[in-house]
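This is what each chain is made of:
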Amino acid sequence: MAVNAVLEIEDNVLNTLNAFLRGLLERGVVDDLLVPQTTLAGDNVVQTLVHDVAHLSAMNPMAPVLPVNSATLVSKLTITGAPRKVGVVLRTCELRALVELVKLQQATLENVVLIGVDCLGTYEVTDYATLIADGIDPTAELLAQIKDGPPRPHDGYNFRAACQMCEYPTPDAPGVHAPDIHLGVLGTDGGVLVTVRDDLAEPLELTPASIPAGRKAVVEALVRERAAERDRRFAEFRARVTDVSGLLAQFSTCIRCHNCMIACPICYCRECIVRTTTFDHEPRQYFDWAERKSIIRMPVDTLIFHLTRLNHMSTSCVGCGMCESACPNDIPVATIFRAVGEKVQAIFDYVPGRSLEDELPLATFREDELTELGEK
Amino acid sequence: MPEFEPRIVAFLCNWCTYTGADLAGTSRIQYPPNVRIIRLMCSGGLDPVYVTKALLEGADGVLIGGCHPGDCHYQSGNYKARRRVAILKTILEQLGFDPDRVWLRWISASEGQYFADTVTEMVAALKEKGPNPVRELWGI
Ligand code: SF4
Ligand code: SF4
Ligand code: FES
């Protein structure tokens, strides 16, 4: 069970959230906090692991920028067990990726307090830095719009493609594993929503209250908008890729840097098959291919890289878009992987990040399913 | 122009379909010579990446042969293979490939005739489809 409460706004929303997070360390609810803070240069906001309350002065859990999917960081902190109680501040796409990593045995949740925050959308890292350089406060700009929503990006800028089509802006949505603590700002006015696991209400001295009245409508409107954008992008992708030539056109500019894979929180393998010598060939082989087909693209195996990744991880793709942000050539990797992932996940009625109990589709089977496959 | 002869890459489980194929041979059952066989210890040991690789290199069809449900030597390899094939076919279809170039069939060690019939049927189906369009594309 969970308890809802409302944090009175003191001077502004961000400081209220920060005071609450600081309180978790001060009250000993957690020993360490993984929390986004502004870098010394000021033009980026990155996760920090903080043990000493004195080092929380640059906290910004609402900053609209996502340099890494923090699920990979929680994996580093917990893969063999977190030695102390750690609170981790995550957006929904990070929380959902973490749920997948736990099931993939790359992270553990014992000693971990999951703190989910509403996401107002994120800019590409370079866009965020440019906004800062131009003297704009991207966080304040968005927080000024939470009451009526949906928050719009700064004029002339846009959120990352994945955010534009993300239907999980809030971690308290159905279909998402519930965090231990949720900080909700969307649709609030004069008080931030905090929902906690009921045993945390007392140590945090929270008085139960009802969810702010305006929240539901604002969140629903945002989700509707995002889902429509998702469907539009999926339809566009499907219209572009009706045959293999269409697919090749998508990856025409791919330089096979593997950035998409490195940035992906789900691709955890230390040694991916595409980084081994499995697909290296004797020189003769290339000449044979060239002779057989008259011409081959070099390096070979562009499509197999993407197809391999899809076969191995699309059941767990959470649509965080780190792949697309990492792509130097603006290939719509996230749209492609999400659109394909949606169909693959649907076979098994699987929603990545929904629950720790749903088994990973590739780790299980049912005898009485898919029976038309294998028969004449 | 000579008639199009499809090339099929077959990944066959050692304990069933591979032995079935062998039986078809030793029993002198006739079937088209279009298939190149790769023996696996279990259909559950097949990473879809190799099916993809075969298709991308121009194979016109890929046949995956495993033990009948309930008969896998390793209990559940074929059920896992079935999930992987379902995923692979969905991915292929979404990306503009023809998923019907990939066949999964349960063929036991004693079903030599069924193996031969399957290959015959697959060759006919692929002839109807024509060559894998990937053969003509060099940007793969
Ligand atoms: S494939 Fe892309 S969108 Fe999907 S989980 Fe990996 S990085 Fe995120
Ligand atoms: S990041 Fe972009 S260019 Fe690099 S391998 Fe992935 S799709 Fe290709
Ligand atoms: S042993 Fe034949 S499919 Fe597993």
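Up top is the structure these notes are about.
Cut-offs used in this document
- Residues numbered from 1 in each chain as written.
- Chains lettered and ligands numbered in written order.
- Predicted model: local features only at pLDDT ≥ 70, side-chain atom pairs only at ≥ 80, totals over all residues.
- Heavy atoms only, no water.
- Salt bridge = Lys/Arg side-chain N within 4 Å of Asp/Glu carboxyl O.
- Helix = DSSP H or I, 4+ residues; strand = E, 2+ residues; numbered from the N terminus.
- Buried < 20%, exposed > 50% of the residue type's maximum accessible area, 1.4 Å probe, protein only.
- Pairing = 2+ DSSP bridges.
- Axes fitted to C-alpha atoms, helices over the stretch in contact; angles between N-to-C directions.
- Patch = residues over 30% accessible without salt bridge, like charges linked within 9 Å, V, L, I, M, F, W, Y side chains within 5 Å.
- Areas by Shrake-Rupley, 256 points an atom, 1.4 Å probe, with all protein chains shown as cover.
- Expected span 1.5 Å × (residues − 1).
- Contact = heavy atoms within 4.5 Å.

## Re the pattern of salt bridges
As enumerated under the stated definition, the model contains 28 salt bridges over all chains in all. For R284 of chain A, the salt bridge goes to D288 of chain A, with nearest N and O atoms at 3.4 Å. Of this pair, R284 of chain A and D288 of chain A both sit in helix α11 (residues 283–293), four residues apart, which is roughly one turn of that helix. By relative accessible area, which is 33% here, D288 of chain A ends up partly exposed. For E369 of chain A, the salt bridge goes to R83 of chain B, with nearest N and O atoms at 2.8 Å. Of this pair, E369 of chain A sits in the segment after α14 (333–347) while R83 of chain B sits in helix α3 (residues 77–94), placing the two residues on different chains.

## Focus: the sheet that holds strand β7 (residues 191–197) of chain A
Residues and elements named next belong to chain A. What the seven strands build is an open sheet, ordered β1-β7-β6-β5-β4-β2-β3; its pairing is mixed. For this open sheet the edge positions go to β1 (2–8) and β3 (45–50), each flanked by a neighbour on one side alone. With strand direction ignored, the average angle separating the axes of adjacent strands in the sheet is 25 degrees. Relative to strand β5 (residues 112–117), strand β4 (residues 86–90) runs parallel, the two being bridged by five bridges.

## Observations regarding a nonpolar patch on the surface
A contiguous nonpolar patch, built from W15, M41 and Y74 of chain B and spanning about 300 Å² of accessible area, is present on the exposed surface. As for its placement among the helices and strands, Y74 of chain B is situated in the loop between β3 (61–66) and α3.

## Remarks on α14 of chain A
Under the 1.5 Å per step criterion, the end-to-end length of α14 of chain A is 22 Å for 15 residues, consistent within 8% with the ideal 21 Å. Within α14 of chain A, eleven of the 15 residues are buried, which leaves the element mostly enclosed by the surrounding structure. Within the sequence span of α14 of chain A, burial applies to V333, A334, T335, I336, F337, R338, A339, V340, G341, V344 and Q345 of chain A. Those residues of α14 of chain A hidden inside the fold are in contact with α8 (215–240), α9 (244–250), α10 (259–263), α12 (302–313) and α13 (322–326) of chain A together with α3 of chain B. Following α14 of chain A by one or two positions, D349 of chain A adopts a phi angle in the positive range, close to 50 degrees.

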